[in-house]
Amino acid sequence: MAVKEEERLELFLKIGLDERTARNTIANNKVTNNLNSVIHEAAVTEGCDRTIGNLLYTVATKYPANALVHRPALLGYIVTIKIKTPAQLEAAFSFLSSTASESFELKEFEEACGVGVEVSEEDIEQTVNEVFEQNKGSILELRYRTNVGDLFGLVRKRLPWADPKIVKKLIDAKLYELLGGRTAADNEKALKQKKETPAKVKDKKAADDNPSQPSEDLNPFLIFPNPEENFKVHTEIFFSDRPVLRCCNTKEVLDKHLKRTSGKVYTRFPPEPNGYLHIGHAKAMFVSFGLAKERGGCCYLRYDDTNPEAEKKEYIDHIEEIVEWMGWKPFKITYTSDYFQELYELAVELIQRGHAYVDHQTPEEIKEYREKKMNSPWRDRPIAESLKFFEEMRQGMIEEGKATLRMKQDMQSDNGNMYDLIAYRIKFTPHPHSGDKWCIYPSYDYAHCIVDSLEDITHSLCTLEFETRRASYYWLLHVLDIYQPYVWEYSRLNVTNNVMSKRKLNFLVTKKLVDGWDDPRLMTLAGLRRRGVTSTAINAFVRGIGITRSDCCTIRLERLEYHIREELNRTAPRTMVVLQPLKVVITNLDSGLVMDLDAKKWPDTSTENSSAFYKVPFSRVVYIEQSDFQMKDSKDYYGLAPGKSVLLRYAFPIKCTEVVLADDNKTIIEIWAEYDHSKKTKPKGVIHWVSEPSREVDPLSIEVRLFDKLFNSENPAELGDWLADVNLHSKVVIYGAYAVPSLRDAAIGDRFQFERLGKFQIS
């Protein structure tokens, strides 16, 4: 071993690397040089704690190349033990990769990396208990076949900065507490599962082929009962003047239902076609379509089209198209309006049974009486009278707003959703789907549960804001003596720095504060797709969140961006674009010479795989980013400066020999440089570039749009003036950027990673 290698081996051992890792490192020149630089930058040449050394090694192997200017600052956090875990370091890489060479607020960086956050053992124990409680059913079923790594991951998702050793210790202890010691049956089942490996490999391939079904976490659908268990009490309804009603299916009703469905799971995804779907709907799709798929059942796409004034064919077409794009295939596409006749007939029956009445109160009076828990003056009118007026409503003989059909529930209930909800109202508006056949339309509260029953839905799944409507849902099905689905509510998905309300989204679109429903800054699925996000990444994000009933499900935008990066790192090829071009003339290269160089589409590609490379011309005139040149050099600057060299990625080192200034003696017109054809120069800095494809021919000119968060605050919807929080710099359009020639052949929708800049889609 050479003297220099022995010195480096000694240096690497001083920071706590084991001898095998140290020797393997020395065998890799790139990692060796990186680690040597990191150790000197961190000023630990005399050695350091092994934990710090391991983190320094990670920096040397994984640090984002587009943020080298910030590496010394990160190393300072490591050696002062402000960043002390791999999870914190990965968070730092993510933050710095998105920041690139731009400056940033230390406070934001520290928050993103958990600097100063101390997670107590009590906090970890509480979280472990919560995870076990939420997954108790699957753990008891799988026992010691439960994937402990999945449990560990669920805890770490909630407490990313927790000590992993304590997490593992508490999970093991909780498993023993819940299951006791291993039994012979546990070991026997483990052996059986091992024999089934070939089948599992085949299933894994199917899951890979269908990105809607990733399998890295515990099965989130184990919490739901099977259809044959749907005889149990669904909910208890407490009345002010009668005994508690415990709603459930009779054996006869359930048997008929199971016969009609052959015991299969039936779910539905029921969007209202009054706007474009957003990422919250992606979760709803995952829950309903995902459960049906996991159980071998069926999922309806049902348009909840009970309000003819708000619905448009544009929205209907969009929903069907985006559901397919998300990877889901409906069993059948239906409309609530398909059942208008059945709903009307059941409304008549509801009146005949004494559970509904026609009311002539105005909307204002209804609101006032509900607030005061007062009965309508028409609540106890004769059944025959309500039937007569309801028929007149249907025939268009009563003016709009002069009558409604209301359910006779319980005006003294503690649940406001039992205050005689409206079942039908008059609207002389043609319906997009049913035309002008009807002038009375059912309400959501009346129609939703009945159509669930008519379609034999086994699992009616919705978000938590509908939980208080569960009493009304079951009351109506009970008094009509029809089949009752199993209802379960889950937490709504919100993402920081965004609004999810359709009303607010519609306001942004109609007031032209954004460029339509598919504006890439919005969390609409069309907007995310236009931004280059894949359905695979969205589904992975949603599955990672899980199906919980936690009522504070606001997820940090960075978590979604993590899944987007993971997906695009695998699928988006690299290429080079210069946003703010600065001309560089290579003075020692012949003006007519153009070299075709190989550039990598993928960073870790094999040199033997020719399809993983693309050609880039290298000529006398190249363009670099203006930000990659500065007149005064500094220790922590790795770009080009007078008298300094940098490496043009995939090409040659160049050295700045002269700067041509404008008459104001400040504005830089062009840089003169010489290239090192032998590549003996080994500069630290590596920059991207674009060259003239031939003499005096400009590179391919493109327009680039840069998008940032639409809102400055994490929860803009909670602000009094949410519009004032709009980020006025959330969209920046750059004209006259230069790209390599191969981008000329790119098609709309193609995704790329512009080296050192970020991920982009052709549009």
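It should be emphasised that the depicted structure is a prediction, and the values quoted were computed from it without experimental measurement. (Residues numbered from 1 in each chain as written. Predicted model: local features only at pLDDT ≥ 70, side-chain atom pairs only at ≥ 80, totals over all residues. Heavy atoms only, no water.)

## Concerning the overall build of the protein
Secondary structure assignment for the protein yields 25 helices and 28 strands. Put simply, the protein has 763 residues, and 48% of those count as buried. A separation of at least 24 residues holds for 70% of the contacts in the protein among residues at least 6 apart in sequence. Positive and negative side-chain charges in the protein, numbering 105 and 114 respectively, have mean positions lying 3 Å apart. (Helix = DSSP H or I, 4+ residues; strand = E, 2+ residues; numbered from the N terminus. Buried < 20%, exposed > 50% of the residue type's maximum accessible area, 1.4 Å probe, protein only. Contact = heavy atoms within 4.5 Å. Lys, Arg positive; Asp, Glu negative; His and termini not counted. Charge placed at Lys NZ, Arg CZ, Asp CG, Glu CD.)

## So, the environment of Tyr63
Mapped onto the fold, Tyr63 is located in the loop between helix H4 (50-62) and helix H5 (71-79). Considering only alpha carbons, one finds Tyr63 and Ser94, 31 residues apart in sequence, at a separation of 9.4 Å. Excluding its chain neighbours within four sequence positions, the residues that come into contact with Tyr63 are Thr58, Leu68, His70, Arg71, Leu74, Phe93 and Leu96.

## Here we look at the sheet that holds strand E15 (residues 577-578)
Strand order in this open sheet of three strands is E15-E26-E25, and the pairing throughout is antiparallel. With partners counted over all chains shown, the strands left at the sheet margins are E15 and strand E25 (700-707), one partner each. Relative to strand E26 (residues 731-739), E25 runs antiparallel, the two being bridged by seven bridges. Paired with Ser701 across the two strands is Tyr738, which belongs to E26. (Pairing = 2+ DSSP bridges.)

## Some points on the sheet that holds strand E14 (residues 574-575)
With mixed pairing, the three strands of this open sheet are ordered in space as E14-E27-E28. Single-partner strands in this sheet number two, and they are E14 and strand E28 (758-761). Where strand E27 (residues 751-754) meets E28, four bridges bridge the pair, whose relative direction is antiparallel. Paired with Phe752 across the bridge in E28 is Phe760.

## A few points about unusual backbone geometry
The backbone of Glu696 shows a phi angle near 60 degrees, a positive value even though the residue is not glycine. Counting through the fold element by element, Glu696 comes out in the loop between strand E24 (690-691) and E25. Overall, Glu696 belongs to the exposed group, its relative accessible area being 66%. Residues other than glycine seldom take positive phi values, yet Arg756 does so here, at roughly 70 degrees. Secondary-structure assignment places Arg756 in the loop between E27 and E28.

## Section: a negative patch on the surface
Together, Glu5, Glu6, Glu7 and Glu10 give the surface a local cluster of negative charge. Locating Glu7 in the fold gives a position in helix H1 (residues 3-14). (Patch = residues over 30% accessible without salt bridge, like charges linked within 9 Å, V, L, I, M, F, W, Y side chains within 5 Å. Areas by Shrake-Rupley, 256 points an atom, 1.4 Å probe, with all protein chains shown as cover. Salt bridge = Lys/Arg side-chain N within 4 Å of Asp/Glu carboxyl O.)

## A look at the pairing of E26
In terms of strand pairing, E15 meets E26 through two bridges, oriented antiparallel. The partner of Val578 across the bridge, within E26, is Tyr738.

## Considerations on the pairing of strand E5 (residues 332-335)
Bridge analysis of strand E4 (residues 298-303) against E5 gives four bridges, and the strand direction is parallel. Pairing of Tyr303 across the sheet is with Tyr335, part of E5. With helix H16 (residues 313-325) bridging E4 and its parallel neighbour E5, the resulting β-α-β unit is right-handed. (Right-handed = clockwise from strand over helix to strand, strands pointing away.)

## Some remarks on the side chain of Thr146
Checked against the element boundaries, Thr146 lands in the loop between helix H9 (136-142) and helix H10 (148-158). Classification of Thr146 as buried rests on a relative accessible area of 6%. Within polar-contact distance, the side chain of Thr146 engages the backbone oxygen of Arg143 at 2.7 Å. (Polar contact = N/O pair within 3.5 Å; in protein donor to acceptor, adjacent residues only side chain to side chain.)

## What to know about the nonpolar core
Ranked by size, the top nonpolar core spans 48 residues in total, and within it Ile279, Met285, Leu525, Ile538 and Phe541 carry the most contacts. For this core, the secondary structure elements donating two or more residues are helix H15 (279-294), E4, H16, strand E11 (486-490), helix H23 (525-531), helix H24 (535-545) and helix H25 (557-571). With nine residues, the top contributor of residues to this core is H15. Residues contacting Met285, with those up to four places away along its chain left out, are Phe269, Leu277, Gly290, Val323, Met326, Trp328 and Leu525. Judged by nonpolar contacts, the second largest core, of 44 residues, contains Tyr441, Cys449, Tyr473 and Trp475. (Core = buried A, V, L, I, M, F, W, Y, C linked by side-chain atoms within 4.5 Å.)

## Focus on the pattern of salt bridges
Side-chain pairs of opposite charge can arise where the charged atoms are in close proximity. For the structure shown, the criterion picks out 46 salt bridges. Across the pair Arg705 and Glu703 runs a salt bridge, and its minimum N-O distance is 3.2 Å. With relative accessibility at 41%, the residue Glu703 sits in the partly exposed group. Among the charged side chains, a salt-bridge network with shared partners connects Arg268, Arg302, Asp452 and Glu455.

## Brief notes about the side chain of Asp628
With respect to the secondary-structure elements, Asp628 resides in the loop between strand E19 (621-625) and strand E20 (645-648). The class of Asp628 is buried, set by a relative accessible area of 6%. Polar contacts involving the side chain of Asp628 include one to the side chain of Arg756, which spans 2.8 Å. Beyond its immediate stretch of four places on either side in the chain, Asp628 contacts Tyr637, Gly639, Leu640, Ile687, His688 and Arg756.

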